[in-house]
Structure formats: C-alpha cells, structure tokens
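Tertiary structure, described
Here is what each chain is made of, one letter per residue.
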Amino acid sequence: MNKNKDTLEEIFDLAVKNHKSKHYKIAEDLYNKILIKKPQNIQTIFLLGTLFTETNNFKMAIKLFQKVVKLQPNHALAHNNLGMIYAELGDFVAAIMFLKNAVMINPELTNTRNNLCVLLRYLTSNKLNEKDQYDFKNLFSLLYKRNDVDHNDLFKNAKNILFNEKSYNQITKEKLKLPILENKNIKSLLKEELFLLMMQKSLIADKFVEKILVQIRKEILINHNKKIKNKKNNFDFIISLAEQCSLNEYVFIQTKNEINKIKELRKNVETNKDIKELDVALLACYVPLAISEKIKQKLFNYKSTNQLFNDLIKMQITEINEEQKLKLTIKSHEKITDKTSKKVRNQYEENPYPRWRYLYANIRKNFLVRFQNQIKPNIIDIKFNEKFNKPNVLIAGCGTGRHLFIADSYLNANILGVDLSLSSLAYAKRKTKEIGLENIEFLHSDILNLKNLKRKFDVIESVGVIHHMKNPLEGLQILLELLEPHGFLKLGLYSKLARKHIIETRKFAKVKNFKGNVEDIRKCRNEILNAKNNNSLKKISLGRDFYTTSSVRDLIFHEQEHSFSIPEIATIIKKYKLEFLGFSETFIKNHYSKIYKDDKKNILLDNWANYEKVNPDSFSSMYSFWVKKIS
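The notes below deal with the structure included here. (Residues numbered from 1 in each chain as written. Predicted model: local features only at pLDDT ≥ 70, side-chain atom pairs only at ≥ 80, totals over all residues. Heavy atoms only, no water.)

Before going further, it helps to examine the nonpolar core. By size, the foremost hydrophobic cluster in this structure holds 120 residues, and its most contacted members are Phe140, Tyr144, Leu213, Ile216, Phe237 and Leu289. Leaving out residues up to four positions away in the same chain, Leu289 has contacts with Val280, Leu283, Ala284, Ile295, Lys296, Leu299, Ile313, Gln316 and Ile317. (Core = buried A, V, L, I, M, F, W, Y, C linked by side-chain atoms within 4.5 Å. Buried < 20%, exposed > 50% of the residue type's maximum accessible area, 1.4 Å probe, protein only. Contact = heavy atoms within 4.5 Å.)

Okay, the sheet that holds strand β3 (residues 414–419) next. Strand-to-strand pairing in sheets goes through backbone hydrogen bonds, with the strands running parallel or antiparallel. Strand order in the open sheet made by the 8 strands is β1-β4-β3-β2-β5-β6-β8-β7, with mixed pairing throughout. Taken across any chain shown, the strands that pair with only one partner, and hence form the sheet edges, are β1 (331–332) and β7 (578–583). One ladder, built from 3 bridges, connects strand β2 (residues 392–396) with strand β5 (residues 457–463); its direction is parallel. Bridge pairing in β5 links Ile395 to Glu461. Against the sheet, helix α22 (residues 422–435) touches β3 and β4 (440–444), its axis set at about 170° to β4. (Pairing = 2+ DSSP bridges. Helix = DSSP H or I, 4+ residues; strand = E, 2+ residues; numbered from the N terminus. Axes fitted to C-alpha atoms, helices over the stretch in contact; angles between N-to-C directions.)

To continue, consider the packing of helix α3 (residues 42–54) against helix α4 (residues 58–71). Contact geometry for α3 and α4: axes closest at 8 Å, N-to-C directions at 155°. Of the possible angle classes, the one that applies to α3 and α4 is roughly antiparallel. For the pair α3 and α4, the crossing hand works out as left-handed. Along its contact with α3, which presents Ile42, Ile45, Phe46, Leu48, Gly49, Thr50, Phe52 and Thr53, the element α4 presents Phe58, Met60, Ala61, Leu64, Phe65, Lys67, Val68 and Leu71. Residues belonging to the contact of α3 with α4 are distributed by class as follows: 12 nonpolar, 3 polar and 1 charged. (Parallel < 35°, antiparallel > 145°, perpendicular 65-115°, else oblique. Left-handed = near helix turned anticlockwise from the far one by under 90°. Nonpolar A, V, L, I, M, F, W, Y, C, P; charged D, E, K, R; others polar.)

Moving on: the packing of aromatic side chains. With the rule as written, the count across this model stands at 32 aromatic pairs. When the ring of Phe388 is compared with that of Phe488, the centres are 5.5 Å apart and the planes differ by 40°; the resulting orientation is tilted. Residue Phe388 is located in the loop between α20 (367–375) and β2, and its partner Phe488 is located in strand β6 (residues 483–493); the two are separated by 100 residues in the primary sequence. Exposure class is identical for Phe388 and Phe488. Each is buried. On the basis of an interplanar angle of 75° and a centroid distance of 5.7 Å, the ring pair of Tyr592 and Tyr611 is categorised as edge-to-face. On the criterion of sequence distance, the pair formed by Tyr592 in helix α29 (residues 586–595) and Tyr611 in helix α30 (residues 605–614) is long-range, its members being 19 residues apart. In this pair, the class of Tyr592 matches that of Tyr611, namely buried. Through successive ring pairs, a cluster of aromatic residues spans Phe580, Phe583, Tyr592, Tyr596, Trp608, Tyr611, Phe619, Tyr623 and Phe625. Positioned above the aromatic ring of Tyr427 is the side chain of Arg430, whose terminal nitrogen or guanidinium carbon lies 4.9 Å from the ring centre. Seen from the ring of Tyr358, Lys431 lies directly overhead, with NZ or CZ sitting 5.7 Å from the centre. (Phe/Tyr/Trp six-rings, centres within 6.5 Å; stacked < 30°, edge-to-face > 60°. Lys NZ or Arg CZ within 6 Å of the ring centre and 35° of its normal.)

What follows concerns the side chain of Gln244. Within the fold, Gln244 resides in helix α14 (residues 235–247). Within the structure, Gln244 has its side chain in polar contact with the backbone oxygen of Met199 (distance 2.8 Å). Leaving out residues up to four positions away in the same chain, Gln244 has contacts with Met198, Met199, Ser202, Leu203 and Ile204. (Polar contact = N/O pair within 3.5 Å; in protein donor to acceptor, adjacent residues only side chain to side chain.)

Further remarks concern a positive patch on the surface. On the surface, a cluster of positive charge is contributed by Lys339, Lys342, Lys343 and Lys470. As for its placement among the helices and strands, Lys343 is situated in helix α19 (residues 339–350). (Patch = residues over 30% accessible without salt bridge, like charges linked within 9 Å, V, L, I, M, F, W, Y side chains within 5 Å. Areas by Shrake-Rupley, 256 points an atom, 1.4 Å probe, with all protein chains shown as cover. Salt bridge = Lys/Arg side-chain N within 4 Å of Asp/Glu carboxyl O. Lys, Arg positive; Asp, Glu negative; His and termini not counted. Charge placed at Lys NZ, Arg CZ, Asp CG, Glu CD.)

The next subject is the pairing of β6. Buried residues dominate β6, accounting for 9 of its 11 residues. As paired strands, β5 and β6 are joined by 6 bridges and run parallel to one another. Looking at the pairing, Phe457 lines up with Leu483 of β6. The pairing of β6 with strand β8 (residues 623–629) spans 5 bridges and is antiparallel. Within β8, the residue paired with Gly492 across the bridge is Ser624.

Listed below in structure tokens is the structure:
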C-alpha cells in the first residue's frame, strides 16, 4: 500500500512539474493516471481543470471544476475559475454567480473580488429568487465594509437588491406623503446598514433615491430645534448623509428656507463653546465644514466616541488640511501660459475631478501581461521584453490620481503623474501616501511644456485629456516625442456619436443662461431632473457623472472640449504613422466579436465605425485604445 501511495505521489509531482513547464499532454496523461486510481482526488481534478483552462478547452475545464464543487462545495478557487471561464465565454450572469460564491467563501481573494465588482459595474442583476436576493445582500454588505474595492461599481446592483426587499419595495411603489419621515418604511431605511454604507462610500447615482434624500435632509433641518424622539437615534444616518454630500460636492438642490436655516446653524456651531455633534453633522449635510476657519480650529483635534463622526471630520477637515500642505511639496515644470490651458486649469483648481474614496487593491503584474490582457484578442510579438521589467510610465493628465493607481498595477513601474491642476495633484498625492505608494512622482505642468522635459517613457497613458486642449494633435505630437521607439501609448478620446445628448444638454444650459458655479449647477440639475419629454435630458440624468458638482461641470460646462469619430481617429493614426492595437473595453469587444467574426484581432477600424453606427452608446465614456509607433 505504501509503495502504491508513494508511486501516486511521484506521479503527481511529475504531473505538476510538466504542467508548470507547459508540457500539457504529458501532464494531462499523468493526472488521468492518478484519477484512474483515485477518481475523487480533488487536488488532481482541480489541476487538470486548470490545465484545460490554460489550453482553452473550456468545456472540459467547466466539467472538472463543477466536479470539484460537487465534492467540496466550499472550494473557493473552483468557484472562481468557473466564474472566470464563463466571463471569458461571455456568459456574464453565470460568471457573477460563481464569483459571488467564491467571494462569500473567501473574501480575501483579491483578484476574484476585483473581477466580480467590475462585472457588476456593467451588468444589472436579473430577477432573483429570495435566496439569491439574501445572498447578494450579504455579498454587498461584505464588499461595502471593505476599503479595497471601488464601491461605485457596486452601487447600481446594491440599490436594486436593497429596494427589492418587501419593505423598501413599497417606497418605490407608493406616492410618498409629506412628511416622509413619518413613513414606516423610510424610518426602517434610515437604520439599514447597507444603505448607510452605500451613502458613506459610493455616489447615490439615482434620481429617485436622491429625491428621497433631499426631502429627508430638508425635514431633519426644518425640525432640528423641535423635540423629536428619533433624531438622536438617526445620528449615524445624518453622518452618512453628510459623507454622501461631501462625496457629491453638495450637488443637491437647496431651498431658500434651508439656506437661511443653515446660516443660523453655522453661526451656532461657530459660537457655541461646546461641540454639538448632531449640529455639526447636520451642517455638514449642506456645506463643507472646512468652509469655516472657526469650525476647522474647533474640530481639528476633536475626538468623538462615535467613529463614524471621526471619519466625517477626517474627510472634511483633516484631509483638506493635508492637501493644502502637500501643494507646497509638488514641483512645477515651467509656467502655464497657454490661454486654453489656463482656463482648464482654473476649472480643475476649483473642482478637482473626480473625487473618490477607495479603489481596488492591486495585484502587480509585468506591464506586458496587463497590456496583452487589455488589447486581447489581439496578440503582438514584443521584441523588447526586458524594457518592460521596470517600465518608466507617464500618466499625462493624472487628475486626482485614479489613473495612477491603475498604472501602479504594473510591476516595478516608475510612474510620473503630470497635471495642470495643483489641487488635483495634491488630492492624488494624499491618496498615494494613504496607501503607501513610493513609486509615483508628481509634476505640475501643461502637456505643452513637456517637450522640454528631457525624459523618455516606455509607457504613456493619457485618457480623457488631450481632447481638452486647444489643439489635441499638438498634445499628441508631444506625447509621441516622449515615447520610446519600443513604447506603447494609451489614449482616451470622446466620441461624437455617443455624446449627442450631452451636446443637446449644453445647448439647453446655454439657453437657460446657467454657468459652471455650484448654485447654477444645482439649478440646472433640478430642471433636468424635472424635465419631461426630452430624451437628451433624461439620458444625461442616467449617468454617474450627473451626480457630483465637479463631474457635472466637466460634463456640461467644460471650458474646452473636442469630440472625435472613429474615421477621424483612423486618419490621425495614419498621419502619425501609428499602429492601432485595440480598444480596451472588454464587454464591447465581446459583442463586436460576435458580429465581425473575421476580424480575429478586433483592430479593423472600418468595422468599428460601422459597429458604432448601429450601437451609438458603445463608447459613452470615451474611446480608450492602445497604439504604438510603426518601426
């Protein structure tokens, strides 16, 4: 018996060795040899399933991983692998279900968490039975409690699950009578843990829920000095609402009555010797606490027994103070003299964009691995692999730093983040310090001035930037001069076709004489939310960018903007002797591949132009694509 056991162990070791060396046929035969003797050996079944996944035999891989799950229902990696295979096959509903199972079994699977959240960003959950609803609610609660995911990707589905519960479903069905704080379902909602977490960590990008919050805020303020039993019991809700208003930069509409009452409340908070936390939290639902020097001084070193209140002070006072100090530490490269650049800079100094709290934890991989994943199904032969072991990366127009964290997933990368706005750079630098990143350098500069930088980069990414320059092609030329001959450039440009409703909304705002200040942005949004029979206005209210002050300004009131078509991009690529390597949007490419089966690499721009005509919302964010110089 022992001899037989040792023989099986030796066979297993040999199978694993061949598997790692990619001698797949030998490894497969050895794994099967073990399974003849031990047909329920989970480790062998799992590794054979992994082998079939690596060789693109997904049918066999699914069969084997399903067998693992049947034998061991809590095998998180088997659930994960099934989820990833179904995602690869385009069955995203099945992918979500298996990835959900994996995360519920083991929340520490970073890659699984990240992939699940990204899928949830694009897909709305279908009708679910009670058990699935319960499971998903627990999943969202688990994910919202973490600070290593992008909670905005979760919001849409979390909201759908929450408001699908019987009690909260009533809120969406009934015509809410005023005061809505008397409504038993609303009272229950104010205590709902998941709802509070959603307000603290993600934008409430939904006009119906916004309407409820605006009314609740108003009723709490109007009744603030009256004796209300449950007011203190709703303290955590008020703090959560204040954090939401901080995230959306006070974009909610305010009535004259509320504005007058807030002036009184602000005066009381400034002059009272004692710190009344309820007053402070309510004030923070309407104005940022840092607006008042007296309040800043009072609260700067204040510690509450309520940790959520401390989090509010950190968010609205401590972090703002730190950003002001960080501005002094950021180097500037030449003066910004271009008139258009100055206007754009001033916009982002006043409204750094986007404001964000948390992002995904990175699993660092060699740039080429990340790059090939973004351009697939295109595969290119790269002759200079060693150049990308420690790539020099330029993020041209890094804004508040979200893009820097994506680039940080490149293993051993040295990253330079450049931006026009010092306020945006200070925000980004604070976030990098918060996470402990030391491979990122910051530079305050106009892209137009980078031609004098005397540095070259293996990778340059400029997404959503050069289309805000007076002459985008001048910006492109400078970026190409900074790119090493072997390097790769990622660009993000607005689509003319996808932004028709935005152009119409801008005309609406212009006719109404709305400007880009916060008061006019609130009024403009209010009119859009109440508009009827206008599809453009209705459509713009569905996007996440409609739900913060800075993003509305960016969306409707930007100082400078150009949009492009795919044929125009093709002309630019030809003019500058570039090779188009592919768009980076996986979901769009998955759909495109089913229609244009002959374009195996997904790189024929004539086909893409036809595809966008039929699917005009495909690039609603922007075209995001990779190019390289033709050698």
